[in-house]
Amino acid sequence: MDGSEPNVLDDGRYDAMVVDATSHGDGLALDLTILTGAHKGEVVSIRTTAGGLDGQDELDVLGMPGTLVVEKGVPAFTIER
């Protein structure tokens, strides 16, 4: 990312951690920081739907590590258990 494009990651898998979470109508808005690789330290914002992450609320997910998978430009975040 060189600043001339929107905050979009290349397709792939990224170790990430939730640094902020906010409830919205049917899910959560998450800010994730990337923990390893070329994008280490970058913050990515995503929105979950259908009740968020297994129905967890914003306080449940703060500080949780997980995996961000970007496929065809679409992000999906899974919390490590």
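This structure is a prediction, so every number in the text was calculated from the model and none was measured.

**Considering the overall build of the protein**
Each helix and strand in the protein was counted, giving one helix and five strands. Going residue by residue from the N terminus, the α and β elements of the protein occur as β-β-β-α-β-β. Taking contacts inside the protein between residues at least 6 apart in sequence as the whole, the part at least 24 apart equals 48%.

**Structural notes on the nonpolar core**
If you look at the biggest cluster of nonpolar residues, it comprises 17 residues, and the most contacted ones within it are L30, L32, V61, L68 and F77. Contributions of two or more residues to this core are made by β1 (12-24), β2 (27-34), β3 (43-47), β4 (65-71) and β5 (74-79). In this structure, V61 is in contact with V18, A21, L28, L30, L53, Q56 and I79, ignoring residues within four places of it in sequence.

**Some words on the confidence of the model for the protein**
When pLDDT is averaged along the protein, the result is 86, and 86% of the positions lie at 70 or above. pLDDT under 50 marks residues 1-5. Its contacts with residues more than four places away, or in other chains, come to six contacts.

**Focus on unusual backbone geometry**
Trans is the common state for peptide bonds, and a negative phi is the common state for residues other than glycine. Even without glycine at this site, K72 takes up a positive phi of about 55°. Locating K72 in the fold gives a position in the loop between β4 and β5.

**Describing the side chain of H24**
By the element assignment, H24 lies in strand β1. Owing to a relative accessible area of 18%, H24 belongs among the buried residues under this scheme. Engagement of the side chain of H24 in a polar contact is seen with the backbone oxygen of L28, the distance being 3.3 Å. In contact with H24, other than residues within four places in its own chain, are A29, R47 and T48.

**Structural notes on the pairing of β1**
Pairing of β1 with β4, which is carried by six bridges, proceeds in the antiparallel orientation. Across the sheet, residue A16 finds its bridge partner in β4, namely G66. Note that β1 and β2 share eight bridges and pair antiparallel. Residue A21 lies in a different strand from β2, and its bridge partner there is L30.

**Section: the environment of V18**
Here V18 is to be found in strand β1. For the pair V18 and L62, spaced 44 residues apart in sequence, the C-alpha to C-alpha distance is 5.4 Å. In contact with V18, not counting residues within four places along its chain, are L30, D31, L32, V61, L62, G63, M64 and F77.

Conventions we followed
Residues numbered from 1 in each chain as written. Predicted model: local features only at pLDDT ≥ 70, side-chain atom pairs only at ≥ 80, totals over all residues. Heavy atoms only, no water. Helix = DSSP H or I, 4+ residues; strand = E, 2+ residues; numbered from the N terminus. Contact = heavy atoms within 4.5 Å. Core = buried A, V, L, I, M, F, W, Y, C linked by side-chain atoms within 4.5 Å. Buried < 20%, exposed > 50% of the residue type's maximum accessible area, 1.4 Å probe, protein only. pLDDT = per-residue confidence, 0-100. Polar contact = N/O pair within 3.5 Å; in protein donor to acceptor, adjacent residues only side chain to side chain. Pairing = 2+ DSSP bridges.

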